[in-house]
Each structure stands twice: as structure tokens, then as C-alpha cells.
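What follows is each chain in one-letter form.
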Amino acid sequence: METVTCPVCGGEQPALARYPGYLCRECAGRASTRDGRRLTLVNTSLAGGFAARYADSGELAEEETLTHLVYVDGIRCRADEARLGGIVVQPAPEGDLPDGGNGGQPR
Ligand SMILES: [Zn+2]
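A few points on the structure. (Residues numbered from 1 in each chain as written. Predicted model: local features only at pLDDT ≥ 70, side-chain atom pairs only at ≥ 80, totals over all residues.)

## Some thoughts on the pairing of strand β7 (residues 87-91)
Condition: Strands qualify as paired when DSSP identifies two bridges or more between them. Strands are runs of DSSP state E lasting at least two residues, helices are runs of H or I lasting at least four, and both sets are numbered from the N terminus onward.
Judged from the five bridges that link them, strand β6 (residues 75-81) and β7 form a sheet pairing that is antiparallel. Residue pairing across strands places D80 opposite V88, the latter belonging to β7. Counting the residues in the hairpin turn of β6 and β7 gives five residues, including G85, whose phi is positive at 95 degrees.

## Some thoughts on the environment of G36
Stated formally: Remark: C-beta atoms are placed from the backbone, and a residue is labelled buried if 20 or more other C-beta atoms sit within 10 Å of its own, exposed if 12 or fewer do, or partly exposed between those counts.
When you line up the elements, G36 lands in the loop between α1 (25-28) and β3 (39-42). Note on G36: 8 C-beta atoms within 10 Å, which makes it exposed. For the pair G36 and Y71, spaced 35 residues apart in sequence, the C-alpha separation works out to 7.7 Å.

## So, the sheet that holds β7
As a reminder of what qualifies: Between the N-to-C directions of two axes lies an angle of 0 to 180 degrees, each axis being a line fitted to C-alpha atoms and, for a helix, fitted only over the stretch in contact.
Ordered by their spatial adjacency, three strands build an open sheet running β5-β6-β7, and the pairing between neighbours is antiparallel. The sheet is open, and its two borders are formed by β5 (69-72) and β7, each paired with just one other strand. The average undirected angle you get between the axes of adjacent strands in this sheet is 40 degrees. Pairing of β5 with β6 involves four bridges; the strand directions are antiparallel.

These figures capture arrangement, not role.
So this is what it looks like as C-alpha cells:
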């Protein structure tokens with residue numbers, strides 16, 4: 001089986017054609033807001049969907065649910081529903097806007 005390494009911890013995991021460089025389950029489980037508040041990443045229904053909740057209060061983390069941007073060990077990542085259910089988290093470097101990327105106006 002082909003494997004890739006987790007970009008955060010370097011652990012080996014199965015390669016997924018659709019998600020090159022995805023975070024392993026353990027690292028994805030450490031997803032936090034920009035200011036370090038722990039998040040729980042969930043599907044909103046059995047059919048998928050994505051939502052981020054604060055791990056401590058269970059409240060919806062509106063900003064992260066909208067932007068899909070989370071931080072793992074200080075690394076900016078994009079979280080989304082996986083094609084076959086569950087959540088997949090991948091690094092999202094600054095400047096690489098995940099959504100509405102056409103709006104990048106030079107200044
Ligand atoms: Zn990892």
C-alpha cells in the first residue's frame with residue numbers, strides 16, 4: 001500500500017489520491033482556532049457537511065465553520081468534509097485562499 005507522511009508529525013498513513021498531504025487523525029484531532037482554542041470538527045449530517053465546534057463548550061465555532069481554517073500546532077490548515085464521510089484536514093499556506101480565491105486583488 002502506498003503511504004504518505006503526515007505534514008505535521010511525519011507519521012506514515014495511507015495515501016489518498018484526493019487528499020495529498022492530509023493530516024493524520026491524531027493531528028487533525030488537535031485542530032484549534034487561531035488563538036489556540038481547541039475545536040471539534042464534525043460532519044453536520046450523515047450525508048456529510050462540515051462544522052467546527054468549540055471542544056470546551058460545544059458551541060458552534062462560526063468563523064471556522066465558514067472559513068474552514070483551523071490551526072494545528074500553529075500550522076494553518078483547511079478542514080472539510082471528506083468524500084466518504086468524516087473530516088479531512090490539509091495544510092493551507094497563507095495567501096492560498098480556499099474559498100472565493102478569485103477575489104485576490106493586488107494592492
Ligand atoms: Zn500527524
